[in-house]
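Here are the chains, one letter per residue:
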Amino acid sequence: MPKMGPEEANIAIDVEYDNYRDSDDDDRMTYTSGQSLASSVTRYRYENGRRYHAYRDGSYYAPNDDRYSTYETIVHHLWLLTLDDKLFLAPIENPEMILDVGTGTGLWAVDMADYFPGAEIIGTDLSPTQTTTAPPNIRFEVDDASSEWTYPSSSFDYVHIRGLTGCIRDWPALYRQALKHLKPGAWFEHAEFSVETNASPTSTAHADQLYSAFSASIINLGEEKTGMTFRTLEMMKDMMEEAGFVDVVERKFVWPIGPWPKDQRLKDMGRWGERNWADGLEGWVLALYTRVLG
């Protein structure tokens, strides 16, 4: 593999497509691990050999099939490597209620349920595709994070978001909802990644040109077409503070692409970073490029 520079990962603590269907109905669905859902939320869209969510069809670009579930396992491991096997950086102790927004397959939420067996964990997502071996103190809900949250105010000791860049039209509104539903003195943590690498846009190396072209196309697509920015990482700290969060702490990390670093830890992260791109790229672009760019 060519020597590629790192992309950035960031943590701050304290598309709409043409066929998007909005609804004022409270059609959120709660279910337990292993429960069968005979509902419109499981009438998935099948497109270009991949499967996509049915609830709020078209509002999220990534597939929800088995291939993407495997990919989410890779990303979860990459975040664990990044944080030295920690699930969170916020100084939380003995939480009673935890909310994981955009839980995906629920890997992080399940690990948190094991870590805090006395806490109640809620994981929300557009797809009911979470693991069937969840602990008893976790429940999943089919819900849209961009809709009005129906939980009572001041419900949670900790709210967690990870990897939703390009998925949210109004981040300030989402942050305000998170703040509203946190208990006084509770914590909010948002871990995010950048779609840009440090590959030089003027480089003549073929790999550099590919990475630069990809980053530019995705960023322009979010800014000009879907209205869901892929520059979340650059703005999240300021947007949190504008929403009312205080004592916001920002940590920045690098994700090498390929095992080129000399440092053994970064070399290991680079191997998983390479897998992240190799296994994830099709799912990142297929719906966006075909539905939006034609």
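Our subject is the structure that appears above.
From a predicted model like this one, the values you see are computed outputs, not experimental measurements. (Residues numbered from 1 in each chain as written. Predicted model: local features only at pLDDT ≥ 70, side-chain atom pairs only at ≥ 80, totals over all residues. Heavy atoms only, no water.)

**A look at the packing of aromatic side chains**
Tallied over the full model, the rule gives 18 aromatic pairs. Centroid distance Phe188 to Phe245: 5.0 Å. Interplanar angle 20 degrees. Geometry classified as stacked. One end of the pair, Phe188, is in strand S9 (residues 182-197); the other, Phe245, is in the loop between helix H5 (232-243) and strand S10 (250-257), and 57 residues separate them in sequence. The class for Phe188 is buried, based on a relative accessible area of 0%. Between Trp277 and Trp284, the aromatic rings sit 5.1 Å apart at their centres with planes inclined by 80 degrees, giving edge-to-face as the arrangement. The same class applies to Trp277 and to Trp284, which are both buried. In textbook terms, an aromatic cluster arises when at least three aromatic residues are bridged by ring pairs, as seen for Tyr68, Tyr71, Tyr211, Phe214, Trp277 and Trp284. Sitting over the face of the ring of Tyr52, Arg291 holds its NZ or CZ atom 4.6 Å from the ring centroid. (Phe/Tyr/Trp six-rings, centres within 6.5 Å; stacked < 30°, edge-to-face > 60°. Helix = DSSP H or I, 4+ residues; strand = E, 2+ residues; numbered from the N terminus. Buried < 20%, exposed > 50% of the residue type's maximum accessible area, 1.4 Å probe, protein only. Lys NZ or Arg CZ within 6 Å of the ring centre and 35° of its normal.)

**A look at the nonpolar core**
In this structure, Val159, Tyr175, Phe188 and Phe245 are the most contacted members of the largest nonpolar core, which totals 56 residues. The residues touching Val159, leaving out its near neighbours within four places in the chain, are Leu99, Val101, Trp149, Ala178, Leu182, Trp187, Phe188 and Glu189. The next biggest cluster of nonpolar side chains, apart from the first, holds 18 residues, and it includes Leu80, Phe88, Trp108 and Val110. (Core = buried A, V, L, I, M, F, W, Y, C linked by side-chain atoms within 4.5 Å. Contact = heavy atoms within 4.5 Å.)

**A look at empty space enclosed by the protein**
Empty space among the atoms becomes visible once a probe the size of a water molecule is rolled across them. Empty space within the largest cavity amounts to approximately 60 Å³. Contributing to the lining of the largest cavity are twelve residues, with Leu83, Leu87, Trp108, His160 and Arg162 lying nearest its centre. (1 Å grid on protein atoms, 1.4 Å probe; cavity = no way out; pocket = protein on both sides within 12 Å on 5 of 7 lines; lining within 4 Å. Points joined across faces, edges and corners; volume = space filled by probe spheres on them.)

**Observations concerning the pairing of strand S6 (residues 120-125)**
Where burial is concerned, most of S6 is hidden: five out of the six residues are buried. Bridge analysis of strand S5 (residues 97-101) against S6 gives five bridges, and the strand direction is parallel. Within the sheet, the bridge partner assigned to Met97 lies in S6 and is Glu120. Handedness of the crossover joining S5 and S6 through helix H2 (residues 107-115): right-handed. (Pairing = 2+ DSSP bridges. Right-handed = clockwise from strand over helix to strand, strands pointing away.)

**A look at the environment of Ser127**
Here Ser127 is to be found in the loop between S6 and strand S7 (138-142). Spatially, the C-alpha atoms of Ser127 and Tyr55 are 7.0 Å apart, while their sequence positions differ by 72 residues.

**As for the pattern of salt bridges**
Where charged atoms from two side chains of opposite charge approach closely, those side chains can pair. The full count for this structure, using the stated rule, is 17 salt bridges. When the shortest N-O distance is used, the salt bridge between Arg56 and Asp144 registers 2.9 Å. Of the two residues, Arg56 sits in the loop between strand S4 (50-52) and helix H1 (66-82) while Asp144 sits in the loop between S7 and strand S8 (156-162), which places them 88 residues apart along the sequence. In this pair, the class of Arg56 matches that of Asp144, namely buried. (Salt bridge = Lys/Arg side-chain N within 4 Å of Asp/Glu carboxyl O.)

**A closer look at unusual backbone geometry**
A positive phi angle is found at Asn94, which is not glycine, with a value near 50 degrees. The topology assignment puts Asn94 in the loop between H1 and S5. Residue Asn94 is classed as exposed on the basis of its relative accessible area of 68%. Even without being glycine, Ser154 reaches a positive phi, approximately 55 degrees. Tracing the sequence through the fold places Ser154 in the loop between S7 and S8. Its relative accessible area of 39% is what places Ser154 among the partly exposed residues.

**Description of the side chain of Thr229**
Its location among the elements puts Thr229 in the loop between helix H4 (206-226) and H5. Here the side chain of Thr229 touches Arg231 through a polar contact of 2.9 Å, landing on its backbone nitrogen. (Polar contact = N/O pair within 3.5 Å; in protein donor to acceptor, adjacent residues only side chain to side chain.)

**Describing the packing of H1 against helix H6 (residues 264-292)**
It is the contact of H1 with H6, at a shortest axis distance of 9 Å, that shows an interaxial angle of 150 degrees. Between H1 and H6, the interaxial angle falls into the category roughly antiparallel. Considering how the two elements wind past one another, H1 and H6 form a crossing that is left-handed. Across the interface between the two elements, Arg67, Tyr68, Tyr71, Ile74, Val75, His77, Leu78, Leu81 and Thr82 of H1 pack against Arg265, Asp268, Met269, Trp272, Gly273, Arg275, Asn276, Asp279, Gly280, Glu282, Gly283 and Trp284 of H6. (Axes fitted to C-alpha atoms, helices over the stretch in contact; angles between N-to-C directions. Parallel < 35°, antiparallel > 145°, perpendicular 65-115°, else oblique. Left-handed = near helix turned anticlockwise from the far one by under 90°.)

**Quick word on the pairing of S9**
Strand residues, when the strand is regular, have side chains that alternate between the two faces of the sheet. Pairing analysis gives six bridges linking S8 to S9, with the strands arranged parallel. Of the residues in S9, the one forming a bridge with Val159 is Phe188. Regarding topology, helix H3 (residues 171-180) serves as the crossover connection from S8 to the parallel S9, and that connection is right-handed.

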